[in-house]
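# Chain and residue survey
Each chain is listed here by its residues.
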Amino acid sequence: MGALVTLDLPSDSPLLDLPWIITFGPLGDADEWEPVVCGPYERPHALALAEAVVAEEQLMAVVEPLVPAVNVAQIRGEIAAAQLAATDETVRVDEADLYGDYEDLVDEEEMAAAEREDASGPLPVPDEAELRAGFARIATRLPGG
């Protein structure tokens, strides 16, 4: 069994309406090959496909929104935000007491999300017709679509 990584978003997040991509890569350092990027998909379809693949193989799947930046300034802003978030996370982990409370490192919301995911079971894998219908819906939401 592999690993699936995605954002835990509130139900009203505008990111949920964006197209989503899946990046499949090796789970460990022993394997070295270029990651495979698939998509865009609607988020439920991306999650279901990723779950189906990693359920049977030792792979990592990262499901993330595809940000439709339309100029260099927006791209730079997204890069800066990602770098800032990584720095904040590194500082938070570095400041945690090595032998301190486990809750310092694991967010309660992450634990709750994991429990909800376990309770609901795997998502049904969409068939080709469902994926193509999703592609059409995505195309209508893109600028100029």
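This structure is a prediction, so every number in the text was calculated from the model and none was measured.

The rules we used
- Residues numbered from 1 in each chain as written.
- Predicted model: local features only at pLDDT ≥ 70, side-chain atom pairs only at ≥ 80, totals over all residues.
- Heavy atoms only, no water.
- Helix = DSSP H or I, 4+ residues; strand = E, 2+ residues; numbered from the N terminus.
- Expected span 1.5 Å × (residues − 1).
- Polar contact = N/O pair within 3.5 Å; in protein donor to acceptor, adjacent residues only side chain to side chain.
- Core = buried A, V, L, I, M, F, W, Y, C linked by side-chain atoms within 4.5 Å.
- Buried < 20%, exposed > 50% of the residue type's maximum accessible area, 1.4 Å probe, protein only.
- Contact = heavy atoms within 4.5 Å.
- Phe/Tyr/Trp six-rings, centres within 6.5 Å; stacked < 30°, edge-to-face > 60°.
- Lys NZ or Arg CZ within 6 Å of the ring centre and 35° of its normal.

Given 3.6 residues per turn, any residue in an α-helix points the same way as the ones three and four places further on. Taking 1.5 Å of rise per residue, 24 residues should cover 34 Å, and helix H2 (residues 72-95) covers 34 Å from first to last C-alpha, within 8% of that figure. The N-terminus of H2 is capped by Asn-71, whose side-chain oxygen sits 3.1 Å from the backbone nitrogen of Ala-73.

A word on the nonpolar core. If you look at the biggest cluster of nonpolar residues, it comprises 13 residues, and the most contacted ones within it are Ile-22, Tyr-41, Ala-46, Leu-49, Ala-50, Ala-61 and Val-63. Counting residues per element, the ones that place at least two in this core are strand S2 (20-26), helix H1 (43-56) and strand S4 (59-65). In terms of residue count, the dominant contributor to this core is H1 (five residues). With residues near it in sequence (within four places) discarded, Ile-22 still touches Val-36, Val-37, Cys-38, Tyr-41, Ala-46, Leu-49, Ala-50, Ala-61, Val-62 and Val-63.

Further remarks concern the packing of aromatic side chains. Applying the stated rule across the entire model yields one aromatic pair. Measuring from centroid to centroid gives 5.9 Å for Tyr-41 and Phe-135, while their planes differ by 35 degrees, and the two rings are tilted. Here the residue Tyr-41 occupies a position in strand S3 (residues 36-41), and Phe-135 occupies one in helix H4 (residues 128-141), the gap between them amounting to 94 residues. On the accessibility criterion, Tyr-41 (12% relative accessible area) is buried. Above the plane of the ring of Trp-20 lies Arg-43, whose end atom (NZ or CZ) is 4.8 Å from the centre.

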